[in-house]
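Fold and contact review
Listed below, chain by chain, are the residues.
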Amino acid sequence: MEPQNKAQARNRALYEEEDMWRHYTLFPHDGWVIWEEIASFADGAQALEIGPGMHPHLPIPGTYFVDLSMTALSALRDQKGHCLRATAPLPFPDATFDLVAIFEVLEHVVDDNELLRELARVLRPDGVLFFSVPMNPDYFTYFDKAAGHQRRYREEELLGKLASAGFEVDRVCAREGHMAPWFGTLFALGVRFLPRLTAWMVHRQLPRYAGKLRPWRDGNSLTEAEQSGGVFARARKAPMAAG
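Residues numbered from 1 in each chain as written. Predicted model: local features only at pLDDT ≥ 70, side-chain atom pairs only at ≥ 80, totals over all residues. Heavy atoms only, no water.

Focus: the nonpolar core
Core analysis: the biggest nonpolar cluster contains 34 residues, and Leu119, Leu129 and Phe131 have the highest contact counts within it. Looking at this core, the elements that each hand over two or more residues are β1 (47–50), β4 (97–103), α4 (112–122), β5 (123–134), α6 (155–165), β6 (167–176) and β8 (229–237). When residues of this core are assigned to their parent elements, the largest contribution, 5 residues, is made by α4. Once residues lying within four places of it in the same chain are set aside, the contact partners of Phe131 are Ile102, Phe103, Leu158, Leu162, Val169, Val231, Phe232, Ala233 and Ala235. Formed by 18 residues, the second largest nonpolar core is a distinct cluster that contains Leu58, Phe130, Cys173 and Leu206. (Core = buried A, V, L, I, M, F, W, Y, C linked by side-chain atoms within 4.5 Å. Buried < 20%, exposed > 50% of the residue type's maximum accessible area, 1.4 Å probe, protein only. Helix = DSSP H or I, 4+ residues; strand = E, 2+ residues; numbered from the N terminus. Contact = heavy atoms within 4.5 Å.)

Laid out in structure tokens, this is it:
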């Protein structure tokens, strides 16, 4: 077995051993205001979501879901989702999906370049990727550490990784994605030592956060997102990757 870094070990504890999602209930995909951006691409699409936990952003029936949490996979399967427990390489043939979603996952993965290449591989030539990540390493707090984050991204770094995998970002939405250090520590301690109470608090606040309107802009500038600490974005396969 390869040695794990601390973030890997924390991810395994959170999502496999402790399975934090057992304290949560399913949140509806259309409770996320980002669904308004995704909806037109999801109609009739063969779709995949990576790492949704109990908070999927795509309609559950008929969608393929890959996660490590048995709790989440069981709940999604009960709602007619196609569920697999897997990591990269993804267990799908080339060019399987029209739409792939991956929200708040890339920052957890040691080899995010490999995962991005896998997302490009399983997307069809005209496929669309929706994703979100935290940005700006200056905002890294104890919460990031406790949540198993390997990194926060810089604009140039993120765009470079996406381009190397064969993606072009064409629409972005900057979002608030950082905490005051004291709050990050407090929240992280809650996740680790009072998970049921913390899940209840998240459940209470999630509809307001998920439904908050934020402006989307065409193009690939992530400057505002780096300043605000996070981004939702849409990307397409670059012409060479689509060939």
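A short note on the sheet that holds β1
Here we have 8 strands laid out as an open sheet, ordered β3-β2-β1-β4-β5-β8-β6-β7, and mixed in their pairing. Edge positions in the open sheet fall to β3 (82–85) and β7 (217–218), since each of these has one partner strand only. In the sheet, β6 pairs with β8 via 9 bridges, with the strands oriented antiparallel. Looking at the pairing, Glu168 lines up with Arg236 of β8. (Pairing = 2+ DSSP bridges.)

Notes on the packing of helix α7 (residues 181–193) against helix α8 (residues 195–210)
Interhelical geometry of α7 versus α8 gives an angle of 125° and a closest axis separation of 6 Å. Considered as vectors, α7 and α8 are oriented oblique to each other. Every residue of α8 that contacts α7 at Phe187, Gly190, Val191, Arg192 and Phe193 is listed here: Pro195, Thr198 and Val202. Class assignment of the residues belonging to the contact of α7 with α8 gives a composition of 5 nonpolar, 2 polar and 1 charged. (Axes fitted to C-alpha atoms, helices over the stretch in contact; angles between N-to-C directions. Parallel < 35°, antiparallel > 145°, perpendicular 65-115°, else oblique. Nonpolar A, V, L, I, M, F, W, Y, C, P; charged D, E, K, R; others polar.)

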